[in-house]
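Listed below, chain by chain, are the residues.
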Amino acid sequence: MAKNKYDVDEVLTKEFHKGHLKQLLKYILPYKKSLFISLFLMLLCSFMGLICPYLSKLAIDTAIPNKDIKFLFILSAIFLFAMIILRFCIKHRVLYMENFGQTILTDLRKDLFTHLQSLSPNYYDSRPDGKILIRVVNYINSLSNLLTNGLIDLICDIVTLLISVGFMFYLDIRLTIIALISVPLVITILTIIKKFQRPLTQTLNIKDSNFVAFITEQINGLKVIKAFVTQNRNINIFNKLSTDVVDISLKSSKLNFLVWPSVENISVFVVSLIYIIDVIYFDCSIKLGVLSAFITYFWCFWSPIMNIGNFYNSLVIAMSQIERIFEVFDEKPLIYDTDDSKDIDINEGSVEFRNVNFSYDEDTSLIKDMNFFVNPNETIALVGPTGAGKTTIANLISRFYDVHLGEVLLDGVNIKEFKIESLRKQLGVMLQDTTIFSGTVMDNIRYGKLEASDEDIIKICKLMNIHDFILSLKDGYNTVINEGASELSLGQKQLISLARTLIADPKILILDEATSNIDTKTETLLQKGLQPLLKNRTTFIIAHRLSTIKEASKIMYISNGSILEFGTHEELMNKHGAYYNLYTSQNMNLQYS
Ligand SMILES: Nc1ncnc2c1ncn2[C@@H]1O[C@H](COP(=O)(O)OP(=O)(O)OP(=O)(O)O)[C@@H](O)[C@H]1O
Ligand SMILES: [Mg+2]
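The rules behind each value
Residues numbered from 1 in each chain as written. Chains lettered and ligands numbered in written order. Predicted model: local features only at pLDDT ≥ 70, side-chain atom pairs only at ≥ 80, totals over all residues. Heavy atoms only, no water. Donors = N, O, S within 2.8 Å, 3.2 Å for Na, K, Ca; no water. Helix = DSSP H or I, 4+ residues; strand = E, 2+ residues; numbered from the N terminus. Buried < 20%, exposed > 50% of the residue type's maximum accessible area, 1.4 Å probe, protein only. UniProt positions renumbered as here; feature names shortened; annotations may be inferred. Core = buried A, V, L, I, M, F, W, Y, C linked by side-chain atoms within 4.5 Å. Contact = heavy atoms within 4.5 Å. Pairing = 2+ DSSP bridges. Axes fitted to C-alpha atoms, helices over the stretch in contact; angles between N-to-C directions. Near = heavy atom within 4 Å. Areas by Shrake-Rupley, 256 points an atom, 1.4 Å probe, with all protein chains shown as cover. Phe/Tyr/Trp six-rings, centres within 6.5 Å; stacked < 30°, edge-to-face > 60°. Lys NZ or Arg CZ within 6 Å of the ring centre and 35° of its normal. Salt bridge = Lys/Arg side-chain N within 4 Å of Asp/Glu carboxyl O. Patch = residues over 30% accessible without salt bridge, like charges linked within 9 Å, V, L, I, M, F, W, Y side chains within 5 Å.

We now examine the coordination of the magnesium ion (ligand 2). Bound to the magnesium ion (ligand 2) are the protein donor atoms Thr-391 (OG1) and Gln-432 (OE1), situated 1.9 to 2.2 Å from the metal. One end of the pair, Thr-391, is in helix 12 (residues 390-397); the other, Gln-432, is in the loop between strand 6 (427-430) and strand 7 (439-440), with 41 residues separating them in the sequence. Relative accessible area serves as the criterion here: at 26%, Thr-391 is assigned to the partly exposed category.

Right under this line is the structure:
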């Protein structure tokens, strides 16, 4: 699988289609009540706004010429009432819409996050973190405008447009026909702009996500950057990626900017045309009040057209982001429960690989026809050179990846028959790259079993002989660890991580280089504590340092994705093979050190 680097543009697998709108509608429909209330308030606003020009017309053409004070007073009262209602509706509409939009975004973000958690490690292997992050945070945020204002404004704009046209027809049919001639022109301009704008916004998203991917990588690798003094090189890359974003952004803004002026110029042109036609062809026969109200309604008609043009801009941008968001939803987990998956208890704890073949990509073969059987409650050590496939074996037992051929069996049952949650709850895997979350030491250990009490945690730490170490931290179990846990040494992180794995009390335990960074004195103490804890479970210990695997009942020497040697320490020593060489070389090293 090709690694998707920050400077590799992500090709969109599925362009925006109707299905995406349907998916989005699924999020909107549960809140249709809020949508209708907002819509109602908005329509009331539009209506109140729209009767005002007609009131002016009545005042100019009827009340003032006839000096009808009573009528003028009534018109003013209606005007005032309309304004009060208008202000009230605007305030409440904004609040409702904000609530409506934000609730939808929260639901969408939650589903996206849940879906991301369900995806298999392959998904994360194939793209930088930043490119995932930008979808959950930036793209969803940018839909906010569309959902809070855009959608309702659009409906209201259409209604305002229709009401305005209605009033225009009522005031003067001839002028209305002249005014409407401009509409096809606007539609043509918008269509042309759309043709260029869509690919630009898609490219902008791609460049944005490259940029975020690079920054995320740089933050994660800050110490290495400083150690190798590569800041200048990185600033150059940063400038290049940032320029890419700015260039495309500017191009896109220039295009966006064409929409408004085009529409505005056309509208000004039409207004002038109306005045000219009135003077030349209608001989100024149109009453001043009618002309003034008509022009006002024409602006009212034109303003929604411009808003729709604007909405259209946001829609094009939003569409390209919706594509990216729903692209994640379209991504299916490679490992999932089927209707036949069951909750299965691992009672004994035997582990078997039967003719297992596996590789991370199609081009190479890693695990080749591997067969082994581990008895319940045995402790097996996996040793072998770097890149031999030890962690891969752990990945396959945990079903982070599925075998391509063959079977992995626990208690004689293929792991594919287990519900994933049921399988993982009975396995305890301490990964090679120790992860510590932000929170207290206690929180981090409890991550292994959320219902564990403080006493349970302290008990396991005492059994592991790490209680004193934890008490020696600033606030003992309540010591707060920041993201990345830079305040802890690697060995300390491993100890906390090991406690987290053991608190879950798994039937099958996999420790991948669990103590590689722990000093030999602490390790000896730890191993003493671990012995009783490993008694009633099948354990795989992966280690380069052979002192770690002293207590293993059998040793499996992995080389090039195959088992080269398998047996007890004595058996393998007598064989004088790869394990013998490894053991003797480490002993020699120990003697000389
Ligand atoms: N997620 C992955 N995607 C693609 N290739 C991978 C992935 N993980 C490991 N590999 C490759 O698979 C091979 C075996 O890796 P594995 O991590 O199993 O080795 P290992 O025996 O655990 O090595 P080490 O002792 O260094 O931890 C290596 O060549 C490695 O590059
Ligand atoms: Mg490994």
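So, on to the UniProt feature "domain: ABC transporter" (unreviewed entry) in the chain. The sites that carry the UniProt feature "domain: ABC transporter" (unreviewed entry) are, in the present numbering, residues 351-585. What you have in residues 351-585 is 34% helix and 25% strand, and the ends, taken at the C-alpha atoms, are 31 Å apart.

This part covers the nonpolar core. Residues Leu-175, Tyr-297, Phe-298, Phe-301 and Trp-302 are the most contacted members of the largest nonpolar core, which totals 57 residues. Only helix 2 (32-63), helix 3 (69-118), helix 6 (144-171), helix 7 (173-180), helix 8 (182-220), helix 10 (231-280) and helix 11 (288-330) provide two or more residues apiece to this core. The element contributing the most residues to this core is helix 10, with 12 residues. Setting aside residues no more than four positions away along its own chain, Tyr-297 makes contact with Leu-50, Ile-51, Pro-53, Tyr-54, Ser-164, Phe-167, Met-168 and Leu-171.

Adjacent strands of a sheet form backbone hydrogen bonds with each other and so pair up, either parallel or antiparallel. Pairing within the open sheet is mixed, and its 6 strands lie in the order 6-9-10-3-11-12. For this open sheet the edge positions go to strand 6 and strand 12 (562-567), each flanked by a neighbour on one side alone. Across the sheet, the mean angle separating the axes of adjacent strands is 15° when strand polarity is ignored. Two elements, strand 3 (residues 379-383) and strand 11 (residues 554-559), share 4 bridges in a ladder whose sense is parallel. Paired with Ile-380 across the strands is Lys-554, a residue of strand 11. Each of strand 3, strand 6, strand 9 (508-512), strand 10 (538-542) and strand 11 touches helix 12; the most contacted strand, strand 10, lies at about 150° to it. Sitting on the sheet, helix 17 (residues 490-503) touches strand 6 and strand 9, and the angle it makes with strand 6 is about 170°.

On to the site of ligand 1. Taken together, the neighbourhood of ligand 1 is formed by 14 residues, with Lys-390, Thr-391, Thr-392, Gln-432 and His-544 sitting nearest. Within the complex, 65% of the 640 Å² of free accessible area of ligand 1 lies under protein. No other element matches the 3 residues that helix 12 contributes to the shell around ligand 1.

So, on to the packing of aromatic side chains. Tallied over the full model, the rule gives 16 aromatic pairs. Through a chain of ring-to-ring contacts, three or more aromatic side chains come together here, namely Tyr-54, Phe-167, Tyr-170 and Tyr-297. The residue whose ring lies beneath Lys-195 is Phe-196, and the NZ or CZ to ring-centre distance is 5.4 Å. Lying over the aromatic face of Phe-566, Lys-554 brings its terminal NZ or CZ to 5.9 Å of the ring centre.

We now examine the pattern of salt bridges. Pairing of side chains with opposite charge becomes possible as their charged atoms draw close. By the definition in use, this model includes 15 salt bridges. Across the pair Asp-172 and Arg-174 runs a salt bridge, and its minimum N-O distance is 3.0 Å. Arg-174 gets classed as partly exposed once you look at its relative accessible area, which sits at 41%. Ionic contacts of the salt-bridge type, sharing partners, join the residues Arg-135, Arg-324 and Glu-327 into one network.

Turning next to the UniProt feature "transmembrane region" (unreviewed entry) in the chain. In the UniProt entry, the feature "transmembrane region" (unreviewed entry) is given for residues 35-56, 71-90, 151-171, 177-193, 257-282 and 288-312. Note that residues 71-90 is 100% helix and 0% strand, and that its end C-alpha atoms are spaced 28 Å apart. Helix makes up 94% of residues 177-193 and strand 0%, with an end-to-end C-alpha separation of 26 Å.

Turning to a nonpolar patch on the surface, a few remarks are in order. A cluster of nonpolar side chains, contributed by Phe-169, Ile-173, Ile-177 and Ile-181, occupies part of the molecular surface with about 400 Å² of accessible area. The topology assignment puts Ile-177 in helix 7. Taking the relative accessible area as the measure of exposure, Ile-177 reaches 48% and is therefore partly exposed.

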